[in-house]
Amino acid sequence: MYKVLAKEMLNPTVVRLTIEAPDVARSAQPGQFVILRVDENGERVPLTVADYDAKTGSVSIIFQIVGTETELLSRKEAGDYILDFVGPLGRPSNTEGIKKVAVVGGGVGGAIAYPVAKKLHQQGAEVHIIAGFRSADLVILEKEFAEISSIFRLMTDDGTAGEKGLVTDALAALIEEGHQYDEVIAIGPIVMMKFVSLLTKKHGIKTTVSMNPIMVDGTGMCGGCRLTVGGETKFACVDGPEFDGHLVDFDGLMKRNSMYRKVEQEHLCNLMEEGK
Ligand code: FES
């Protein structure tokens, strides 16, 4: 059992939980994820490590309440326990040799981008952060982003916080201003990562994206998290979750995800019909 040390609502639907998990905290690195189960009836939920502290043995996860499992997880309070907390899984982010980077986070993807941005800042790299949200009430980690970056652009779709516009607008403007990045790291909705990658491809800037497709076992056995990268099938859980954004087949992944959502909707409808 793993103890919840702290809970914080970052916005009405995004929660940060800090979990006591010394083994995970000792070996976790940015870019990696854990798979947890709330209780014995629970499904396995993959979540990226949002922060970790080997000294206190604590690991933070940030998640959006989007279904039954995350809803159950969001009800946990400091002092409660969750059943399983397995990790770290996946390959760590590669930060070697990066001197100047633009980190682009969309929505809760910003939470996934935070640990790698922090590590790069601690290594002495010049870090620019662009974080995008739909509106002011959904903004998370504003203070944390500002602390580790020399340029921080907050973007909202409706202009209720920061500047009105898309993260790609802000990134294009920074590139136009003459900033030369060794790498762009983009983490967020698939469509956002696709358009960031298209933009950076035009400018010949190396781009890393973090893929979070449907995961089941997290060990490369079930095939649930497969995606096509450079024409080859890869598994996000063991080959990723980070990949070269210029090689990922985003359209194929979006098509597969929408099919999955359709099956899930039909399954829900059937359950509701049966329960009538
Ligand atoms: Fe099953 Fe990756 S989660 S293969």
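Residues numbered from 1 in each chain as written. Predicted model: local features only at pLDDT ≥ 70, side-chain atom pairs only at ≥ 80, totals over all residues. Heavy atoms only, no water.

## So, the pattern of salt bridges
What counts is decided by this rule: Salt bridges are defined by distance alone: a side-chain nitrogen of Lys or Arg within 4 Å of a carboxyl oxygen of Asp or Glu. Strands are runs of DSSP state E lasting at least 2 residues, helices are runs of H or I lasting at least 4, and numbering of each runs from the N terminus. Think of it in three bands: residues with accessible area under 20% of the maximum for their type are buried, residues over 50% are exposed, and the middle band is partly exposed, with areas taken using a 1.4 Å probe on protein chains only.
Within the structure shown, the criterion is met by 14 salt bridges. Two residues, Asp-51 and Lys-118, come together in a salt bridge whose shortest N-O distance is 3.2 Å. Separated by 67 residues along the polypeptide, Asp-51 in strand E4 (residues 45-53) and Lys-118 in helix H3 (residues 109-122) bring together distant segments of the chain. In this structure, Lys-206 engages Glu-183 in a salt bridge whose closest nitrogen and oxygen atoms are separated by 3.4 Å. With Lys-206 in the loop between helix H6 (190-203) and strand E13 (207-210) and Glu-183 in strand E12 (residues 183-187), this residue pair connects regions lying 23 residues apart in the sequence. Owing to a relative accessible area of 5%, Glu-183 belongs among the buried residues under this scheme. When salt bridges that share partners are traced, they join Glu-8, Arg-16 and Glu-144 into one network.

## Notes on the nonpolar core
As a reminder of what qualifies: What we call a nonpolar core is a set of buried Ala, Val, Leu, Ile, Met, Phe, Trp, Tyr and Cys residues that are connected through their side-chain atoms within 4.5 Å.
In this structure, Val-104, Leu-171 and Met-211 are the most contacted members of the largest nonpolar core, which totals 32 residues. By size, the runner-up hydrophobic cluster in this structure holds 28 residues, among which are Ile-129, Val-139, Leu-141 and Leu-154.

## Looking at the environment of Gly-223
Selection criterion: A contact between two residues is defined here by any heavy atoms of the two lying within 4.5 Å.
Within the secondary structure layout, Gly-223 lies in the loop between E13 and strand E14 (226-229). Between the C-alpha atom of Gly-223 and that of Thr-200, which follows or precedes it by 23 residues, the distance is 30 Å. Setting aside chain neighbours within four positions, we find Gly-223 in contact with Phe-235 and Arg-256.

## Quick notes on the packing of aromatic side chains
What counts, and what does not: Between rings of Phe, Tyr and Trp, where Trp is taken as its six-membered ring, a pair exists when centres lie within 6.5 Å; planes separated by under 30 degrees are stacked, by over 60 edge-to-face, and by other angles tilted.
For the coordinates displayed, the defined rule picks out three aromatic pairs. Taken together, a centroid distance of 5.9 Å and an interplanar angle of 45 degrees make the contact between Tyr-2 and Phe-85 tilted. With a gap of 83 residues between them, Tyr-2 in strand E1 (residues 2-11) and Phe-85 in strand E7 (residues 84-89) connect regions that are remote in the sequence. By relative accessible area, Phe-85 is classed as buried at 2%.

By themselves, these are just geometric observations and shouldn't be taken as functional.
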